[in-house]
Amino acid sequence: MLFVFLEGFIVQPGTERDPFGCVVVVLEGNKSLSLSVNCVLGFSFSVKKKSSFFRSCRLNVASLALATSPSQSQFSGGYCSIPPPSRLKLTCYATLSAVVKTHESAFDGKEAASLVDELRTNFNTGRTKSYEWRISQLQNIAKMIDEKEKAITEALHQDLSKPELEAFLAELSNTKSSCMLAIKELKNWMAPETVKTSVTTFPSSAQIVSEPLGVVLVISAWNFPFLLSVEPVIGAISAGNAVVLKPSEIAPATSSLLAKLFSEYLDETTIRVVQGGVPETTALLDQKWDKIFFTGGARVGRIVMAAAAKNLTPVVLELGGKCPALVDSDVNLQVAARRIITGKWGCNNGQACIGVDYVITTKDFAPKLINALKTELKTFFGENPLDSKDLSRIVNSFHFKRLESMMKENGVADKIVHGGQTMEDKLKISPTILVDVPEGSTMMHEEIFGPLLPVVTVSKIEDGFQVIRSKPKPLAAYLFTDNKELQNQFVQNVSAGGMGINETVLHVTLKDLPFGGVGESGIGAYHGKFSYETFSHKKGVLYRSFDGDSDLRYPPYTPEKKRVLKALLSSDIFGAILAFFGFSKDS
Amino acid sequence: MSKLEEAFISVIVDRSAMAKIFQMADASNLVTELRRNFDAGVTRGYEWRVTQLKKLLVICDKHEPEIVSALHDDLGKPELESSVYEVALLRNSIKLALKQLKDWMAPHKAKTSLTTFPASAKIVSEPLGVVLVISAWNFPFMLSIDPVIGAISAGNVVVLKPSELAPASSSLLAKLLKQYLDPSAVRVVEGAVTETTLLLEQKWDKIFYTGNSRIGRIIMTAAAKHLTPVSLELGGKSPVVIDSDTNLKVITVRRIISGKWGCNNGQACISPDYILTTKEYAPKVIDALKKELEAFYGNNPMGSKDTSRIVNLNHFDRLSKMLEEKEVSNKIVYGGQKNRENLKISPTVLLDVPLDSLIMSEEIFGPLLPIVTLNNLEECFGVINSRPKPLAAYLFTKNHKLKKKFTKTVSAGGIVVNDTAVHFTLPTLPFGGVGESGIGSYHGKFSFDAFSHKKSVLFKSFLGDSAIRYPPYSRRKLGLLKTLVNSNLVDTFKVLLGLS
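Predicted, not measured: the structure shown is a model, and the values here were computed from it.

1. Some thoughts on the overall build of chain A
When helices and strands are tallied, chain A shows 17 helices and 26 strands. A buried classification covers 59% of the 587 residues belonging to chain A. Expressed as a percentage of contacts within chain A between residues at least 6 apart in sequence, the contacts between residues at least 24 apart total 72%. Counting every atom, chain A has about 22,400 Å² of accessible surface; 54% of that belongs to carbon and sulfur.

2. Comments concerning the pairing of strand β3 (residues 130–134) of chain B
Residues and elements named next belong to chain B. With 5 of 5 residues buried, β3 lies mostly within the body of the structure. Burial along β3 is two-sided: the residues Val130, Leu132 and Ile134 and Val131 and Val133 are all buried. Bridge count between β3 and strand β4 (residues 157–161): 5 bridges; the pairing is parallel. Looking at the pairing, Val131 lines up with Val158 of β4. In this sheet, strand β6 (residues 206–210) lies alongside β3 in parallel orientation, the contact comprising 4 bridges. When the sheet's bridge partners are listed, Val131 is paired in β6 with Lys206.

3. Structural notes on the sheet that holds strand β5 (residues 186–188) of chain B
Residues and elements named next belong to chain B. Reading across from one edge, β5-β4-β3-β6-β7-β17 is the order of the 6 strands in this open sheet, with mixed pairing throughout. Edge positions in the sheet fall to β5 and β17 (438–439), since each has one partner strand and no second. Note that strand β7 (residues 230–233) and β17 share 2 bridges and pair antiparallel. Counted as the bridge partner of Glu233 is Gly438 from β17. Packed on one face of the sheet, helix α2 (residues 24–39) meets β3, β4 and β5 and runs near 150 degrees to β4. Together, β3, β4, β5 and β6 form the strand contacts of helix α6 (residues 142–153), whose direction differs from that of β4 by roughly 170 degrees.

4. Side note on the UniProt feature "active site" (unreviewed entry) in chain B
Residue and element names in this part refer to chain B. Under the local residue numbering, the UniProt record ascribes the feature "active site" (unreviewed entry) to Glu233 and Cys269. These annotated residues cover 37 residues of sequence, and their C-alpha atoms all fall within 8.8 Å of one another, placing them together at a single site. The exposure class of Glu233 is buried, given its relative accessible area of 3%. For Glu233, the contacting residues outside a window of four places in its chain are Phe208, Tyr209, Thr210, Gly211, Phe431, Gly432, Gly433, Ser437, Gly440, Ser441 and Tyr442. Along the chain, Cys269 turns up in the loop between α10 (248–260) and β9 (274–278). With residues near it in sequence (within four places) discarded, Cys269 still touches Asn138, Leu234, Gly235, Ser238, Glu363, Phe365 and Leu391.

5. Quick notes on unusual backbone geometry
All names here are of chain A. In this model, Pro555 is joined to Pro556 through a cis peptide bond whose omega is -10 degrees. Here Pro556 is to be found in the loop between β26 (536–544) and α16 (559–569). Even without being a glycine, Phe449 presents a positive backbone phi close to 50 degrees.

6. Quick word on the environment of Lys403 of chain B
Inspection of the secondary structure assignment puts Lys403 of chain B in helix α15 (residues 400–409). Considering only alpha carbons, one finds Lys403 of chain B and Val417 of chain B, 14 residues apart in sequence, at a separation of 7.2 Å. Sequence-distant contacts of Lys403 of chain B, that is, excluding residues within four places in its chain, are made with Tyr543 of chain A together with Leu395, Thr397, Lys398, Val417 and Asn418 of chain B.

7. A few points about the packing of aromatic side chains
Scanning the model with the defined rule gives 18 aromatic pairs over all chains in all. When the ring of Phe293 of chain A is compared with that of Phe535 of chain A, the centres are 5.7 Å apart and the planes differ by 25 degrees; the resulting orientation is stacked. One end of the pair, Phe293 of chain A, is in strand β14 (residues 291–295); the other, Phe535 of chain A, is in the loop between α15 (529–534) and β26, with 242 residues separating them in the sequence. Classification of Phe293 of chain A by relative accessible area gives buried; the value is 0%. Look at Phe535 of chain A and you get buried, because its relative accessible area is 0%. Just above the ring of Phe224 of chain A sits the side chain of Lys162 of chain A; from NZ or CZ to the centre is 3.7 Å. Between the NZ or CZ atom of Arg387 of chain B and the centre of the ring of Tyr274 of chain B, over which it lies, the distance is 5.7 Å.

8. Remarks on the nonpolar core
One finds Leu56 and Leu289 of chain B to be the most contacted residues of the largest nonpolar core, which totals 146 residues. Of the residues forming this core, the biggest block, 10 residues, is contributed by helix α5 (residues 79–105) of chain B. Residues contacting Leu56 of chain B, with those up to four places away along its chain left out, are Ile94, Ile145, Ile149, Ile152, Leu177 and Leu181 of chain B. Grouped together as the second largest cluster of nonpolar side chains are 92 residues, Ile152, Val335, Ala352 and Val508 of chain A included.

9. Some thoughts on the interface of chain A and chain B
Across the boundary between the two partners, chain A contributes 107 residues, which contact 110 residues of chain B. Carbon and sulfur atoms supply 61% of the area that chain A and chain B bury against each other, a total of about 8,800 Å² over both sides. Together, Leu312, Phe546 and Tyr557 of chain A form the three largest contributors to the area buried by chain A at its contact with chain B, with a combined 11%. The interface formed by chain A and chain B holds 3 salt bridges in total. Arg544 of chain A is the partner of Asp419 of chain B in a salt bridge, and the nearest nitrogen-oxygen pair spans 2.6 Å. Of the residues in the side of chain A that touches chain B, the class split is 46 nonpolar, 33 polar and 28 charged. Pairing of strand β24 (residues 498–501) of chain A with strand β18 (residues 452–460) of chain B involves 4 bridges; the strand directions are parallel. From the neighbouring strand, Ile501 of chain A faces β18 of chain B, where its bridge partner is Phe459 of chain B.

10. Looking at the pattern of salt bridges
By the definition in use, this model includes 40 salt bridges over all chains. Note that Lys460 of chain B is salt-bridged to Glu503 of chain A, the shortest N-O span being 3.1 Å. Taken together, the positions of Lys460 of chain B in strand β18 and Glu503 of chain A in the loop between β24 and β25 (522–523) put the pair across two chains. Using a relative accessible area of 7% as the deciding quantity, one classes Lys460 of chain B as buried.

Each value, and the rule that gives it
- Residues numbered from 1 in each chain as written.
- Chains lettered and ligands numbered in written order.
- Predicted model: local features only at pLDDT ≥ 70, side-chain atom pairs only at ≥ 80, totals over all residues.
- Heavy atoms only, no water.
- Helix = DSSP H or I, 4+ residues; strand = E, 2+ residues; numbered from the N terminus.
- Buried < 20%, exposed > 50% of the residue type's maximum accessible area, 1.4 Å probe, protein only.
- Contact = heavy atoms within 4.5 Å.
- Areas by Shrake-Rupley, 256 points an atom, 1.4 Å probe, with all protein chains shown as cover.
- Pairing = 2+ DSSP bridges.
- Axes fitted to C-alpha atoms, helices over the stretch in contact; angles between N-to-C directions.
- UniProt positions renumbered as here; feature names shortened; annotations may be inferred.
- Phe/Tyr/Trp six-rings, centres within 6.5 Å; stacked < 30°, edge-to-face > 60°.
- Lys NZ or Arg CZ within 6 Å of the ring centre and 35° of its normal.
- Core = buried A, V, L, I, M, F, W, Y, C linked by side-chain atoms within 4.5 Å.
- Buried area = accessible area lost by both parts, 1.4 Å probe.
- Salt bridge = Lys/Arg side-chain N within 4 Å of Asp/Glu carboxyl O.
- Nonpolar A, V, L, I, M, F, W, Y, C, P; charged D, E, K, R; others polar.

Okay, structure coming up:
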């Protein structure tokens, strides 16, 4: 599928599935349009520059590739900018069908480019590099959180029916404490680190100097729309970067609140919010950034990284995965059940990247664990959890349907042992527990990201390791046991972004721990000083004086020089002295 | 037909005569097999890592003459350069890793907070898995083995793809690694574009690439398909700024020459690419360069054995084209001799070539050194910062203010004041680029970190559980939590006692 984003109207679109030989696109006005073309065999295109009333046009690079290799039939990928054309002519050699959609949008490639230009110009003035600028922006974020707590909590309620306590604990207080930590530690973080030098470069001194990367892009997610937007921005600002935030369009109330608050509280010349969906994100990804920090799913993560590759932009990808909780039979049942429940339903109703995705326990212990879960669920959310105000709702009907179809799958529906109620108009699904759903089901393959909790049973607890390792590396893995040996084995043999032993989710709140995935669960880490480092370049700086120069390293290269240098480089002082005096172990 | 062309053809014949050509199935079988070995835990133990590192040391100790001779075949590299920049530096890297590996591997304790009390936390380094190292032809041993040291130290299984442009080194690496290292976990795949493409289609847990930014983009795009993290060690036009207060006559120019022509004849990613100095000072710089170049390489540098040759005809022609460009060829103030047969170009200095010429827009990667003159030295910041970020930036001055401004204002992978290239030898400095000059860094502990995942682990017991974090959420809980988070003890007690 090709996507061609053009500004303006389409005049002669082809209709879906209608074969035709030629598509001529003429543009005018100030709207954006997306034209997707299905190409069955191959086609070529030409772009003519003529009139001036068209502002910009962007063509998929894949279509450029297609023009040179018409034998290939399917493409997807990023975009490249071309000069403003008046007509885009697609000539088809075979069957070609096109779907044309127009949508109102103020933000396109041209605006994205001018935004980045403007921010880069402002970055280059050096204003974001000073300690004072960074501190003042961080203080403004702290002030914003204090003053607008109510508005933020309301927006989160509007987007997700997020309970106030969850909003406070997971989003507001977490963000605020990150901000306070940055304010407190910034001077230390910014200070160059002096490192040791060696005999080779003697006499000299060396430092590692942190410098900002430049203009960075933060693309955040809808599930913790405040935290996941502001926390990376705190890192970007601490490190002295200019930053553009693209909040998720799936949490629109928070997105527009962020846009409003940022322009009210922060330096608009260097910190911006761009709201929007796929076209806006595409326009942004088309620009050259000095870092892209993305939170979301692995599929889009791949698109982000591929787009970043064009400009050699480093990325941080904060993704998710199926986070397991392995429960041994020696646990304090009530505490384990409660902590699993907070890590699942008490965490945005399972819509969290580090939420518990599934439980593994032994066949014998499973009934006890399930009973404990049921009891605690009732204590927490009452007899009728669909009415509970202490649970977030499902974010939208797309996700509601996705979860519903997971539950209704053949061989899954009959495995429900608790819950299973749904309320489509309110986007509610009650806390649901399933036992031993088929390994091949969607539920056991995809990240659930909702209130469904399958329990996988194994004959002995160690078999749980194999279950976890047969799947892509998760963002978090949890273990409940008092058995120290099992704890050690788990830490050594299970690979995951992070781990909680006898706990879920809370490792995220520790600023001393790097938070990030590995493998399918992501690239890079942040939180606390790691956020600062993720948005910094560590520049090695070596200072030398003009003293202490020796002929040794310079041509003409004589055997003596070689001997001395080799001895010096292997830091064998005795050998160096021997070599200096013309003795050598070889001769 | 030149000797070189003959040699090239004989290589082609050799390759086509090989019984087995590396194919898609080979690439995927290789990775499957290695992944199985990694999963079996072969590489995780401290002992395995140490054993392999020690074997690498044996290679350096026992096979230096072969390595020197392979490097001579591939690049006409002078023996001293080979012994020092490739073998001795590698030995240092290995020894450092052997000495510090226990420390590197030890989990790092982290602080916990009131929210998670009572608890302990640590950061555990774990190997990433099966990693791919693609190295370059200019320092074919150093740039192959150095990342492999990092990969092994961190406990990974590793495939090395040396550059086909240094065929003697490539096949020697294949031979030596096979002979000394654990074949179940360390492999060499030789080859060119086809083999590299097949390798890149596989799923790796890290790709470490040394080379240019064009291929770097291809590598990262391929890595994106599998969400594979990358280290890209690229290059760029590394500038040298010379102030008029330096110890020019001997030390400054010597250090420039040694980083340029004495460093694989300019074919190094951290070689000085161009000089920035003032109009008045430029003639003095040129005089001093001429004098020292003659002292180093004699009156006939084409005959000197102390510089490498150009690696191949492609690169020779690329450099010739740069030199022959209009408005450039008449700017040569020293050198300019070429011999296509021997792939030699003499040390060449140019003055005031146009800024939009090929030689000033692309990385030179060869023995040509243009000097760009400025009205005052402060203009250097504009020139450097208007270009893509280089891998290194050098400054020669005694002026402390200028040093400070330079290290603060100039963005580059690394910076050296009053010398060139030597920062590469310091394992305490992270070596790597920024922007167009690369992603990620290595050397010393940074190599270990580049091939490790830092796993955060929080330990708790079943004690100290409080109902406050659990639903149903009441006003009182929220109030208590808010005060707890703000850590005001008096308020906390008030809420606990129901006074607020």
